[in-house]
Amino acid sequence: MTVALQIQNLSRHFNDLVAVDNISFEIRQGEIFGLLGPNGAGKTTTLSMLATMLEPTSGSATVNGIDIRKDPDGVRKSIGIVFQDQSLDEELTAWENMDFHGRLYRIPKATRNRRITELLTLVELNDRRDDIVKTFSGGMRRRLEIARGLLHYPAVLFLDEPTLGLDPQTRNHLWQYIATLAQDNGITIILTTHYMEEADRLCDRIAIIDHGRIIAIDTPKNLKDGLGGDLVTIGSPEPAAVAAALREPWVARVETHNDNVVVSLKNADRHVSSIVTLLNTLQIPITSITIHKPTLEDVFLSFTGKTIREEEAGIKEQMRMHQKMLRH
Amino acid sequence: MEIIYTIWLRNMLRFVRSKSRIIGSISMPLFFLLFLGFGLNSVVQLPGIGGNYILFLVPGMVAMSVMFTSVFSGIQVIWDKQFGFLKETLVAPVSRLEIMLGQTAGGATTAVLQGFLILVLSLFIGLQVSRVTGFLIALLFMVLIGISFTAFGIAIASRMEDMTGFQLIMNFVIFPIFGLSGALFPISSLPAWIVPVTMLDPLTYGVEGIRYGLTGVSQINPLVCFAVIGGFSLTMTAIGAFLFRKIKI
Ligand SMILES: Nc1ncnc2c1ncn2[C@@H]1O[C@H](COP(=O)(O)OP(=O)(O)OP(=O)(O)O)[C@@H](O)[C@H]1O
Ligand SMILES: [Mg+2]
């Protein structure tokens, strides 16, 4: 196993705010690694430090064996990054944006031209290559940025919310493409996302980060299994009573979120009738009951106490604000 | 060199694509030239260049065009910051000095082209450039003004978060530098108390240098002009490079 990234006790403070709090982990070469976390968790700050755009307050990290503090230029040569916010020159064409990048990374002309055509074809923008980026849709811009990030054959690719704000079709398409990248080219990919099911499908491993700390790190499967089996969500006006009633040996975990009690247990389909009987005998009213296999959504909820949907509402708001700013 | 060229190239691409900006930035000097020039031509009496005020004004307007365009080009770094493009440049394995020099080269070139446009238009209102050396001398001074003020713009942009402070800089730095530079009136006919201020204004030496090149007459020795504006451009480049190195995004 070759280690692509090694992060040791990395921290970043902004005045009194601890944005990233002493995180440590390793990422293997060729791995797709996901960073999940609510707004302000410190995902972008972490990526910025790893991409040498931001000095860590303390701690260290190596990217491809190169120390981010001792040799930032060496790190920059070997990474590609797609920023959370757009970073294209809107007055240049797709080709010119790519060409600018290729020249900055000192790719010889012949290779550069071949590679640009190759990548633009891959993200299905080759027929629009001479159009000014201003005329591109959000999805097209994102695809162009990803193509650009790959132009100089980076060994490690950072993707900060690569599919945020894209329609499901474009999103699916991009994810497929990212998966192929890691598989066929052995590129290590570190991404942040708010789309749980896709993170689940794509990432080999996931770290859940909240308030600058890593609170869980594992494969999606292990994270979900960690919840202790299937999930039964019981809606009731008396959630506390439900939670108390269900402290039974066959129940692995009980959590209360607003009016819902979520219990985890093995073979839920067989136990659900016992739950109903139990609550009925105790005369606790039930408004709804559902059973489902755990998703990353549940993992997220269990670790952060918030559903990702609550988070996403915030994100959409942010996106709108951001676009407003750009229009002015 | 390759990197400086790359950044320069981007500036050129943006320049040729922005017809409205080109027209916008030649309109003010042109306006000055026509209205001030023709309006005051019969009123103002000038020693030296045959008493022709319009021809006196041409170098001033060329300098103005170069200066304003270059400040705008330098300030463009703020837009790059806001639109996120600066990140793309800064995360590349290139030094900030190279980026800054490329931006300076690009801004200065854009500015000189704008000034050149004014020069060409001036040919229609009586400017005569008979000596090639004179023209080259004027060009040299245009380049030096361009470098100085693009670097100045970059220095300002490196310290500003957004465009809100820009109006302040225009009103309290750029317009005074222009107004006091002897672009509009001969130094000899200024009130005595303004003369020292004018002599402290670096643009004065740029204007006089261009004037020497285009008309063969100047009130300050062209070598002195060259030394001052040359020194100023080096200083500004150094300051710009220093501040750009610390730019925060
Ligand atoms: N330049 C800065 N100055 C001050 N505080 C900052 C700065 N950048 C980030 N922060 C703060 O650090 C914390 C982490 O921010 P960060 O952008 O890393 O979050 P994130 O996980 O990427 O969030 P999101 O999902 O919204 O993108 C936030 O509280 C943010 O306000
Ligand atoms: Mg972020």
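Above this text is the structure in question.
What comes next concerns the included structure. In this text the structure is predicted, and so the values were computed from the model without any measurement.

### Some words on the site of ligand 1
All names here are of chain A. Taken together, 15 residues form the shell around ligand 1, and within it Gly40, Gly42, Lys43, Thr44 and Thr45 come nearest. In this structure, asparagine 39 approaches ligand 1 through a side-chain N or O atom, which is 3.1 Å from an oxygen atom. In the environment of ligand 1, an oxygen atom lies 2.8 Å from a nitrogen or oxygen atom belonging to the side chain of lysine 43. Considering ligand 1 on its own, with 630 Å² of exposed area, one finds that the protein chains cover 65% of that surface. For the shell around ligand 1, the secondary structure elements donating two or more residues are strand 2 (17–28) and helix 1 (43–50). For the shell around ligand 1, the leading source of residues is helix 1, giving 3 residues. Its residues assigned to classes, the shell around ligand 1 shows 5 nonpolar, 8 polar and 2 charged.

### Re the coordination of the magnesium ion (ligand 2)
Residue and element names in this part refer to chain A. Of the protein atoms, only Thr44 (OG1) and Gln84 (OE1) coordinate the magnesium ion (ligand 2), at distances of 1.8 to 2.1 Å. One end of the pair, threonine 44, is in helix 1; the other, glutamine 84, is in the loop between strand 6 (79–82) and helix 3 (94–104), and 40 residues separate them in sequence. Owing to a relative accessible area of 32%, threonine 44 belongs among the partly exposed residues under this scheme.

### Section: the interface of chain A and chain B
Contact with chain A, which involves 27 residues of that partner, is made by 25 residues of chain B. A combined buried area of about 2600 Å² lies between chain A and chain B, and 59% of that area is made up of carbon and sulfur atoms. On inspection of chain A and its partner chain B, the count reaches 6 salt bridges. Here B:Arg10 ties to A:Asp89 by a salt bridge, and the two come within 2.6 Å at their closest N and O atoms. Taken together, chain A and chain B are joined by 10 residue pairs in polar contact (both at pLDDT 80 or more). Counting only elements with at least two residues in the side of chain A that touches chain B, the list comes to helix 2 (72–78), helix 3 and helix 12 (308–327) of chain A. Its residues assigned to classes, the side of chain A that touches chain B comprises 12 nonpolar, 5 polar and 10 charged.

### Details of the pairing of strand 3 (residues 32–36) of chain A
All names here are of chain A. For strand 3, the buried fraction is high: 5 of the 5 residues fall into the buried class. Across 4 bridges, the pairing between strand 3 and strand 8 (residues 188–192) is parallel. The residue bridging glycine 34 from the neighbouring strand is leucine 191, located in strand 8.

### Focus: a positive patch on the surface
Residue and element names in this part refer to chain B. A contiguous patch of positive charge on the surface is contributed by Arg159, Arg245, Lys246 and Lys248. Of note, lysine 248 is situated in the segment after helix 10 (222–245). Given the relative accessible area of 67%, lysine 248 is considered exposed.

### So, the sheet that holds strand 12 (residues 253–257) of chain A
Residue and element names in this part refer to chain A. The strand order 12-13-11-14 describes an open sheet built from 4 strands, whose pairing is antiparallel. Either end of the sheet is taken by a strand with one partner, and the two such strands are strand 12 and strand 14 (288–292). Neighbouring strand axes in the sheet, compared pairwise and without regard to direction, differ in orientation by 20 degrees on average. Pairing analysis gives 6 bridges linking strand 11 (residues 230–235) to strand 13 (residues 260–265), with the strands arranged antiparallel. Opposite glycine 235, over in strand 13, you have asparagine 260 as the bridge partner.

Conventions and cut-offs
Residues numbered from 1 in each chain as written. Chains lettered and ligands numbered in written order. Predicted model: local features only at pLDDT ≥ 70, side-chain atom pairs only at ≥ 80, totals over all residues. Heavy atoms only, no water. Near = heavy atom within 4 Å. Polar contact = N/O pair within 3.5 Å; in protein donor to acceptor, adjacent residues only side chain to side chain. Areas by Shrake-Rupley, 256 points an atom, 1.4 Å probe, with all protein chains shown as cover. Helix = DSSP H or I, 4+ residues; strand = E, 2+ residues; numbered from the N terminus. Nonpolar A, V, L, I, M, F, W, Y, C, P; charged D, E, K, R; others polar. Donors = N, O, S within 2.8 Å, 3.2 Å for Na, K, Ca; no water. Buried < 20%, exposed > 50% of the residue type's maximum accessible area, 1.4 Å probe, protein only. Contact = heavy atoms within 4.5 Å. Buried area = accessible area lost by both parts, 1.4 Å probe. Salt bridge = Lys/Arg side-chain N within 4 Å of Asp/Glu carboxyl O. Pairing = 2+ DSSP bridges. Patch = residues over 30% accessible without salt bridge, like charges linked within 9 Å, V, L, I, M, F, W, Y side chains within 5 Å. Lys, Arg positive; Asp, Glu negative; His and termini not counted. Charge placed at Lys NZ, Arg CZ, Asp CG, Glu CD. Axes fitted to C-alpha atoms, helices over the stretch in contact; angles between N-to-C directions.

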